[in-house]
Amino acid sequence: MIALTQPASGNILPHRFSPDHERGNGISGILSVLCVYEDPLFLDRICRNLERDGDMFVEISVSVEDAIHLMVYVFFDVIVTDCTSWQGEQNGFLKAIRNQGTEIPLIYFTHAPEIACMDEARKYGEVRYIAWSGQDPFPPFDELVQCIREIAAQDTEENKEIRPDN
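Report on the accompanying structure. Just so we're clear, the structure is a prediction, and the values are computed from it rather than from any experiment.

In terms of burial, helix α4 (residues 92-99) is largely enclosed, as seven of its eight residues are buried. Looking only at α4, the buried set comprises G92, F93, L94, K95, A96, I97 and R98. Note on α4: the residue one or two positions beyond its end, G101, has a positive phi of about 90 degrees.

We now examine the nonpolar core. With 24 residues, the main nonpolar core has I46, L50, V80, I107, F109, L144 and I148 as its most contacted residues. Sorting the residues of this core by element identifies β1 (31-36), α2 (40-51), β2 (56-61), β3 (78-81), β6 (106-110) and α6 (141-162) as the ones contributing at least two each. In terms of residue count, the dominant contributor to this core is α6 (seven residues). Discounting chain neighbours no more than four positions away, the residues touching I107 are V78, I79, V80, T81, R128, I130, L144, C147, I148 and I151.

Next up on the list: the side chain of N49. Mapped onto the secondary structure, N49 falls in helix α2. A polar side-chain atom of N49 sits 2.7 Å from the main-chain carbonyl oxygen of R45. If we ignore the near neighbours within four places in the chain, the residues touching N49 are F141 and V145.

What the rule picks out here adds up to seven salt bridges. The partner of R52 in a salt bridge is D142, and the shortest N-O contact between them spans 2.3 Å. Here the residue R52 occupies a position in the loop between α2 and β2, and D142 occupies one in helix α6, the gap between them amounting to 90 residues. By relative accessible area, which is 53% here, D142 ends up exposed. Across the salt bridge formed by R128 and E126, the nearest N and O atoms sit 3.2 Å from each other. For R128, a relative accessible area of 21% translates into the label partly exposed. In the salt-bridge network here, residues are joined through shared partners; they are D53, D55 and R149.

Conventions used here
Residues numbered from 1 in each chain as written. Predicted model: local features only at pLDDT ≥ 70, side-chain atom pairs only at ≥ 80, totals over all residues. Heavy atoms only, no water. Buried < 20%, exposed > 50% of the residue type's maximum accessible area, 1.4 Å probe, protein only. Helix = DSSP H or I, 4+ residues; strand = E, 2+ residues; numbered from the N terminus. Core = buried A, V, L, I, M, F, W, Y, C linked by side-chain atoms within 4.5 Å. Contact = heavy atoms within 4.5 Å. Polar contact = N/O pair within 3.5 Å; in protein donor to acceptor, adjacent residues only side chain to side chain. Salt bridge = Lys/Arg side-chain N within 4 Å of Asp/Glu carboxyl O.

Next comes the structure, spelled out in structure tokens:
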């Protein structure tokens, strides 16, 4: 029970996400995605669309504070959010997680991208943007799924380059 109450180590990946475990191939691993949106109905839509193929597990949070706290205890492959500002600071959520030493790729999935926000965010590691017209009632969930899979595949390839084969 102690293991459940202690923060996850930043240096040790849980077994199912160990470097020897191929993530993102839909066969041997499930991708772990954290979605952070203030709108619980939209969170539900994202969750249903991402989990429909069975290769992703989505954890949801309606506040940045809860998401930051959750990341201390749970490993995520990708963060999906529209929180371009937090505590009055542009890219505040992104800055907060990077200041914690977390290098999880982040995807801004929003209908109203801010050009200045996007330019600044690129300074903070891997950040991608998927935007759609504010008048379009159908967000590009397929594009989001593809982006998450690309990030996982890229991560798998980088891990293979770092480790020599046995």
